Amino acid sequence: MHIVRYRYQGRISIGILEGETVRRLPHDSMSALLALPLSDIRSQVDAAPTTEERPVHDVDLLAPLDGNTEVWAAGVTYLRSKDARVEESDQASVYDLVYDAERAEIFFKSVAWRVVTDGDPVGIRADSVNSVPESELALVLNAAGERVGYLVCNDMSSRSIEGENPIYLPQAKIYAGACALSPGIAPAWEVGAPEALSVSCWVERDGARVFFGESHTGQIKRGLDELTELLFRADHFPGGAVLSTGTGIVPDLDFRLRAGDVIEIEIPGVGRLRNEVAVGKDAF
Ligand code: DO4
Ligand code: MG
């Protein structure tokens, strides 16, 4: 079961996708749902009425966020990510230090309206010479910081821009088509152990697989509650927040995404993303 945003006959609604059927919830926005306490969200989701039921192929599934729900991301939470940053940067110590520091790296990633989803293009900047997908488990948090569920996130990134200087991180991470989230939120109470999920990512080019990588959420250096506590420590999120937990899959430095590449990311039990790469802001 997934909590989804969808369009049916021009109207955007929130609903429950179960099997081939979407049932409408009594909310017009995900941010309104995420403003509620977890116990209320869970009882509304579990008791979703069957009065407005549609076959999933009659609706358009949309990116899962709207309104004032923000996307944030943690970085350098896996050894593979730390090693990859050290390789791409002249400022290796920045990454060595943050991997072991008490304070994790957390950065702003996207406002809701910029998020793309399964089937949409994802972007690489026209001025980036080395861009890669970052396959991540993302936490969906309500206004109180309670974990409502999980999404698959592709934290598209420019390695060349961040590698030039870590202070360029916002330019490497925030641009048109840089944040993809899977369309359905897997409810936390249905995903048994979030620290025991496999993550895989592959890239196809001209019909051939040119990259494959795997990781496991058990390899994350930080606790998921630790990352959540840090995000909520100094700010309010009235429409909830999505917190992506970092990547454990980084291609070798000689791999570079190109226009037309197709990226797939899968976290069994959570969701899947398939997106074609487009270059430059005019594609969005
Ligand atoms: O410091 C750069 C961010 C790294 C990141 O996004 C990740 O590890 O997933
Ligand atoms: Mg990342």
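Since we're looking at a predicted model, the values are computed, not measured.

**Student:** I tried to follow the coordination of the magnesium ion (ligand 2) on my own but got confused; where do I start?
**Tutor:** Reference geometry at the metal: tetrahedral coordination by four donors gives ideal angles of 109.5 degrees; octahedral coordination by six donors gives 90 or 180 degrees. Taken together, the protein ligands of the magnesium ion (ligand 2) are E134 (OE), E136 (OE) and D155 (OD), with distances of 2.0 to 2.1 Å. Counting gaps between the donor residues of the magnesium ion (ligand 2) yields the pattern E-x1-E-x18-D. Taken together, the residues E134 in the loop between β9 (131-132) and β10 (135-141) and D155 in strand β11 (residues 147-155) connect sequence positions 21 residues apart. Each member of the pair, E134 as well as D155, carries the same accessibility label: buried.

**Student:** Even after reading the chapter, I still don't get the environment of G75, so can you show me in this structure?
**Tutor:** For G75, the position within the fold is in strand β6 (residues 70-75). Owing to a relative accessible area of 11%, G75 belongs among the buried residues under this scheme. Remark: the alpha-carbon pair of G75 and G280, spanning 205 residues in sequence, is separated by 24 Å. If we ignore the near neighbours within four places in the chain, the residues touching G75 are E105 and F107.

**Student:** Got a minute to help me understand the site of ligand 1 in this structure?
**Tutor:** Taken together, 16 residues form the shell around ligand 1, and within it V76, S81, E105, E134 and K173 come nearest. Here an oxygen atom of ligand 1 sits 2.9 Å away from a polar atom, N or O, in the side chain of E136. D155 is positioned with one of its side-chain polar atoms (N or O) 3.0 Å from an oxygen atom of ligand 1. Computed on the free molecule, ligand 1 has an accessible area of 280 Å², of which 99% lies beneath the protein chains in the complex.

The rules behind each value
Residues numbered from 1 in each chain as written. Chains lettered and ligands numbered in written order. Predicted model: local features only at pLDDT ≥ 70, side-chain atom pairs only at ≥ 80, totals over all residues. Heavy atoms only, no water. Donors = N, O, S within 2.8 Å, 3.2 Å for Na, K, Ca; no water. Helix = DSSP H or I, 4+ residues; strand = E, 2+ residues; numbered from the N terminus. Buried < 20%, exposed > 50% of the residue type's maximum accessible area, 1.4 Å probe, protein only. Contact = heavy atoms within 4.5 Å. Near = heavy atom within 4 Å. Polar contact = N/O pair within 3.5 Å; in protein donor to acceptor, adjacent residues only side chain to side chain. Areas by Shrake-Rupley, 256 points an atom, 1.4 Å probe, with all protein chains shown as cover.

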